[in-house]
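Here's the letter readout for the chains.
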There are 2 protein chains.
Amino acid sequence: MAQQKTIFASNLSTMLPSQFADSTDKPAQFAGLHFANEIWKHNTAEIMGHPETDADVFDTLLAFAKSIGMVDLPLQKEQPGHIVNSLFVPLLSAGLDLLVRGVADVQAIDKTWMVATGSPKGPFGILDVVGMTTVYNINKMEAEKTGDLAKQDVVDYLKEKFVNQGKLGVTTGEGFYTYPNPSF
Amino acid sequence: MAQQKTIFASNLSTMLPSQFADSTDKPAQFAGLHFANEIWKHNTAEIMGHPETDADVFDTLLAFAKSIGMVDLPLQKEQPGHIVNSLFVPLLSAGLDLLVRGVADVQAIDKTWMVATGSPKGPFGILDVVGMTTVYNINKMEAEKTGDLAKQDVVDYLKEKFVNQGKLGVTTGEGFYTYPNPSF
């Protein structure tokens, strides 16, 4: 049994602290502490409490994140996907939509974004890091939930061109680009 | 009167070449050639034809863009907002949504994006460049078109905190940040 002062924190992805708080026995000492992909490069630590998280516990987690070399990022209320995925999903969906509708190719879309924003990667370079299995699952859930036919086209495209062929992104050496030397 | 061989091209923002093609007298020699904000840093040239644009004319425009130091970006079909705004609008909307719903503050949202992607600016740094008048107008049109109440909250927020106070972004020295030395 944990000591009275012990703080519990968890990576949460799309889940919320309030879904787990009651199972912790000390809900006031529980919050989300969410890290991202490629933590060695992208050292974000998003701290998200639930309505009963103690304010001191929240501040202690911010300080803890900082102390281990992370950028501490407070959320003021619960948000599925935290900040990072709430921003990534709309951008990556827009890129996939342009590609699957045949508006432009992977290179043109990524290059536009990279030059326009000064980012080292465009939507498809990012999707390869996220990994095609995750991308496929997120789009599939969304297509099933909304019945959006354009979204279903994206799902079919991902399945046929990537998932079925084992091209899962950076981890398998091929996705929208080939690795370790992608052409973006 | 222009010579037979003259090519007409225009910046188009959210408009499409097919809206103007018939007025040019030589529709096959007309296409969109779209530059972006801060062209000296972000040298994108998106080339977008309409269904009757001649393929040679399209290729000539790609070569012309390259020859004047731009990155030539071909679109395979008409798309309002081209590639760049089709990607920017969803990202910037997601950032504004997080802010106005009180999920996180400007600094936390921008820092998350900058660390997560390696970009030099987050959504609010970008919005200050776009300028608050444009941001306000785009969101207002969207809110009126969709009747989306969350979008209307964004419109009210932009009007009250920025437009009404003359804080229009980089051009006026203040928007989400103050310039010339923004704190992101």
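Predicted model, so just to flag it, every value in this text is computed and none were measured. (Residues numbered from 1 in each chain as written. Chains lettered and ligands numbered in written order. Predicted model: local features only at pLDDT ≥ 70, side-chain atom pairs only at ≥ 80, totals over all residues. Heavy atoms only, no water.)

For the rest of this paragraph, the subject is the sheet that holds strand β2 (residues 30-34) of chain B. A sheet is described by the order of its strands in space; here 4 strands give the open sequence β1-β2-β3-β4 (chain B), paired in mixed fashion. At either margin of the open sheet sits one strand with a lone partner, and together these are β1 (8-10) and β4 (71-75) of chain B. Going from strand to strand, the sheet's axes swing by 30° on average, the running direction of each strand aside. On the sheet, helix α3 (residues 106-117) of chain A packs against β3 (44-48) and β4 of chain B and is oriented at approximately 140° with respect to β4 of chain B. (Pairing = 2+ DSSP bridges. Helix = DSSP H or I, 4+ residues; strand = E, 2+ residues; numbered from the N terminus. Axes fitted to C-alpha atoms, helices over the stretch in contact; angles between N-to-C directions. Contact = heavy atoms within 4.5 Å.)

Our focus in this paragraph is helix α2 (residues 82-100) of chain A. Since the α-helix packs 3.6 residues into each turn, any two residues three or four apart lie on the same face. Along its 19 residues, α2 of chain A runs 27 Å from first to last C-alpha, staying within 8% of the 27 Å computed at 1.5 Å per residue. Residue glycine 102 of chain A follows α2 of chain A closely and has a positive phi angle near 75°. (Expected span 1.5 Å × (residues − 1).)

Before going further, it helps to examine helix α5 (residues 132-146) of chain A. All names here are of chain A. With 15 residues, α5 should cover 21 Å at 1.5 Å per step; its first-to-last C-alpha distance of 21 Å lies within 8% of that length. Of the surrounding elements, those touching the buried residues of α5 are α2, α4 (123-130) and α6 (149-161). Following α5 by one or two positions, glycine 147 adopts a phi angle in the positive range, close to 70°.

Turning to the pattern of salt bridges, a few remarks are in order. Residue and element names in this part refer to chain B. Under the criterion given, the structure shown has 8 salt bridges over all chains. Between lysine 41 and glutamate 38 there is a salt bridge, and its shortest N-O distance comes to 3.2 Å. A relative accessible area of 46% means that lysine 41 is categorised as partly exposed. Residue arginine 101 pairs with aspartate 97 through a salt bridge whose shortest N-O separation is 3.1 Å. Judged by its relative accessible area of 33%, arginine 101 falls in the partly exposed class. Given the relative accessible area of 25%, aspartate 97 is considered partly exposed. (Salt bridge = Lys/Arg side-chain N within 4 Å of Asp/Glu carboxyl O. Buried < 20%, exposed > 50% of the residue type's maximum accessible area, 1.4 Å probe, protein only.)

On to a negative patch on the surface. Residue and element names in this part refer to chain A. Where like charges cluster on the molecular surface, the negative patch consists of Glu142, Asp148, Asp153, Asp156 and Glu160. Looking at the negative patch element by element, the count peaks at 3 residues for α6. Within the element layout of this structure, glutamate 160 appears in helix α6. (Patch = residues over 30% accessible without salt bridge, like charges linked within 9 Å, V, L, I, M, F, W, Y side chains within 5 Å. Areas by Shrake-Rupley, 256 points an atom, 1.4 Å probe, with all protein chains shown as cover. Lys, Arg positive; Asp, Glu negative; His and termini not counted. Charge placed at Lys NZ, Arg CZ, Asp CG, Glu CD.)

Residue and element names in this part refer to chain A. When the domains of chain A are assigned, the result is domain 1 (8-75) and domain 2 (82-172). Its C-alpha centre places domain 1 at a distance of 27 Å from the equivalent point of domain 2. A combined buried area of about 720 Å² lies between domain 1 and domain 2, and 59% of that area is made up of carbon and sulfur atoms. If you look at where domain 1 meets domain 2, you find 3 residue pairs in polar contact (both at pLDDT 80 or more). In terms of residue class, the side of domain 1 that touches domain 2 is built from 3 nonpolar, 3 polar and 3 charged. (Domains from an automatic or database assignment. Buried area = accessible area lost by both parts, 1.4 Å probe. Polar contact = N/O pair within 3.5 Å; in protein donor to acceptor, adjacent residues only side chain to side chain. Nonpolar A, V, L, I, M, F, W, Y, C, P; charged D, E, K, R; others polar.)

Take the pairing of β2 of chain B next. Two faces make up the sheet, and in a regular strand the side chains alternate between them. Residues and elements named next belong to chain B. Along β2, 5 of the 5 residues are buried, which leaves the element largely enclosed by surrounding structure. Here β2 shows no split at all, with Phe30, Gly32 and His34 on one side and Ala31 and Leu33 on the other all buried. Both β1 and β2 contribute to a ladder of 3 bridges, which runs parallel. Residue pairing in the sheet places serine 10 in a bridge with glycine 32 of β2. Sheet topology places β2 next to β3; 3 bridges connect them, and they run antiparallel. For glycine 32, the partnering residue across the bridge sits in β3 and is methionine 48.

Looking now at the interface of chain A and chain B. At the junction of the two partners, chain A supplies 39 residues and chain B supplies 39 residues. Where chain A abuts chain B, roughly 3500 Å² becomes buried across the two surfaces, and 71% of that area is made up of carbon and sulfur atoms. Linking chain A with chain B are 0 salt bridges, by the criterion used here. The interface formed by chain A and chain B includes 11 residue pairs in polar contact (both at pLDDT 80 or more).

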